[in-house]
Amino acid sequence: MSTESDNVLVTGLGATTPLGGDVASTWSAMVEGRSGIGAIEEEWAAKLPVRIAGRLAVEPTAVLDRVLARRMDRCEQIALVAAREAWADAGAPDVDPERLAVVIGTGTGGALTLLGQDDILETSGVRKVSPHTVPMLMANGPAAWVSIDLGARGGAHTPVSACASGAEAIATGLDLIRLGRADVVVAGGTEACIHPLPLAGFAQAKAHSTRNDAPDRASRPFDAERDGFVIGEGAAVVVLERAGFAAARAARAHATLAGAGVTSDAHHITAAHPEGQVRAMRLALSSAGLPPRAIEHVHAHATSTPLGDLTEARSVAEAVGTHPVVTATKSMTGHLFGAAGAIGAIAALLAVRDGVVPATRNLDSLDPRVELDVVAGGPRRGRIAAALANSFGFGGHNASLVFTPAP
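Rules of the game
- Residues numbered from 1 in each chain as written.
- Predicted model: local features only at pLDDT ≥ 70, side-chain atom pairs only at ≥ 80, totals over all residues.
- Heavy atoms only, no water.
- Helix = DSSP H or I, 4+ residues; strand = E, 2+ residues; numbered from the N terminus.
- Rg over C-alpha atoms; globule rule 2.2 N^0.38 Å.
- Buried < 20%, exposed > 50% of the residue type's maximum accessible area, 1.4 Å probe, protein only.
- Phe/Tyr/Trp six-rings, centres within 6.5 Å; stacked < 30°, edge-to-face > 60°.
- Salt bridge = Lys/Arg side-chain N within 4 Å of Asp/Glu carboxyl O.
- Core = buried A, V, L, I, M, F, W, Y, C linked by side-chain atoms within 4.5 Å.
- Disulfide = S-S within 2.5 Å.
- Pairing = 2+ DSSP bridges.
- Contact = heavy atoms within 4.5 Å.
- Axes fitted to C-alpha atoms, helices over the stretch in contact; angles between N-to-C directions.

A. Here's a closer look at the overall build of the protein. In terms of helices and strands, the protein carries 13 helices and 15 strands. A compact globule built from 407 residues would reach a C-alpha radius of gyration of about 22 Å, and the protein, at 20 Å, matches this within 12%. Over its C-alpha atoms, taken along the principal directions, the protein stretches across nearly 60 × 55 × 40 Å. Looking at the protein as a whole, 57% of its 407 residues qualify as buried.

B. View of the packing of aromatic side chains. Tallying each qualifying case throughout the model produces three aromatic pairs. Judged by centre distance (5.3 Å) and plane angle (35°), the ring pair of F202 and F337 falls under tilted. Of the two residues, F202 is situated in helix α8 (residues 196-204) and F337 in the loop between α12 (330-333) and α13 (340-354); the sequence distance between them amounts to 135 residues. Ring geometry for F229 and F337: centres 5.7 Å apart, planes at 85°, overall edge-to-face. Remark: F337 occurs in the loop between α12 and α13 and F229 occurs in the loop between α8 and β7 (234-242); sequence separation between them is 108 residues. Classification of F337 by relative accessible area gives buried; the value is 6%. Linked through ring pairs, F202, F229 and F337 together constitute an aromatic cluster.

C. Focus on the pattern of salt bridges. On inspection of all chains with the given rule, the structure shows 20 salt bridges. D227 is the partner of R211 in a salt bridge, and the nearest nitrogen-oxygen pair spans 3.4 Å. Of this pair, R211 sits in the loop between α8 and β7 while D227 sits in the loop between α8 and β7, and the two are 16 residues apart along the sequence. Taking the relative accessible area as the measure of exposure, R211 reaches 25% and is therefore partly exposed. Where D216 meets R361, a salt bridge forms, and the shortest distance between an N and an O atom there is 3.0 Å. Residue D216 is located in the loop between α8 and β7, and its partner R361 is located in the loop between β11 (356-357) and β12 (373-374); the two are separated by 145 residues in the primary sequence. Taking the relative accessible area as the measure of exposure, D216 reaches 31% and is therefore partly exposed. Residues participating in the shared-partner salt-bridge network are R217, R220, D223 and D364.

D. The nonpolar core, seen in detail. Residues I170, V185, L240, L257 and L401 are the most contacted members of the largest nonpolar core, which totals 53 residues. If you tally residues by element for this core, the top one is α13, at 10 residues. In this structure, L56, M72, A90 and A235 belong to the second largest nonpolar core, which totals 29 residues.

E. Examining the state of the cysteines more closely. This model, assessed by the stated rule, comprises zero disulfides. For the unlinked cysteine C75, the closest cysteine sulfur is that of C193, found at 9.1 Å. Given the relative accessible area of 0%, C75 is considered buried. C193 gets classed as buried once you look at its relative accessible area, which sits at 2%.

F. View of the sheet that holds strand β15 (residues 397-404). Ordered by their spatial adjacency, 11 strands build an open sheet running β5-β4-β6-β7-β1-β8-β15-β14-β9-β10-β12, and the pairing between neighbours is mixed. Every interior strand has two partners, whereas the edge strands, β5 (156-157) and β12, have only one. Alignment of strand β1 (residues 8-16) against β7, held across eight bridges, turns out to be antiparallel. Each residue of the ladder has a partner; that of G14, found in β7, is V237. Sitting on the sheet, helix α3 (residues 74-89) touches β1, β4 (100-106), β6 (184-191) and β7, and the angle it makes with β1 is about 135°.

What follows is the structure, given as structure tokens:
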């Protein structure tokens, strides 16, 4: 159970997504119900069964120094873009570097570099392979670049937990502060893997929507006609601070990170087990010192797969109840894998801060087996005392976060 002495505040937010190049534009688009999903126009997609994706609204090279950007994988670039926004939003805290930590999760790391440089090796030979290949493809690259940029010497950590990576990174940040190992933690997730191989793999697994003729209608969590997720790319980062440290510098806070729960299913490499999801939510509630009834909003993981959405709906009903207002913003961004949990966390805490829950786009007919109050049609407005954000990933990774208003 949390106490006043270990309260953790969210003082900075940063993101770059298919909906916008920063948090403000992304959040505005979510509230308005816009879609960031479109057709893949490149020739390489022509023969694929899947030709849609959620691409970044703003290219990272429009923000970063071009020389620096050329030494980084796309997932590293966008992690740095989001981290810089979050750091500036927090007011660039004056913190002892050894009390500043970074935790950036990712699902695939530098997949674009790995696949691209392998193509170069096979077609042009070893002399054409970039000398920056290894630091560009390594999964810890995003965390490393952010720590270098901010001068963080309190640890640079990289949870690789599939689609739960971003949320687990934030949960790790909470632990670092509560354990007294850091005063400030920059935490979040990043992903950039829109490439023929992942698309083909997901298509073969029947996990990706094939609504190529209607990209903006393809991702439809909890809808009776859902047929799979849509791949997306992006990054989201939050700045977490020990409450006492934030108060001493009179920092403004967006919300309180009240609790977190992380579990593993130990069940199946791709099929989720509801027990693990329920335990993650209950651990998060216990960590926050809140009863289930206190949760008024759930930001669902809900990727738009037929089985996954139903499993989560039943897990939420068991762990929390059917009373919370529920939404699923992957209907607008697509599924950003390692970044998804961090973007979901930001959406949940902004719902608490602003008193508005975005509608789930494309929810034309709620699956009758889903016994939840899922917002559709337009945003739901009203005070939210506590929100829970879920993230679940292949391998049986589960992470749940609880946010309450800032003090």
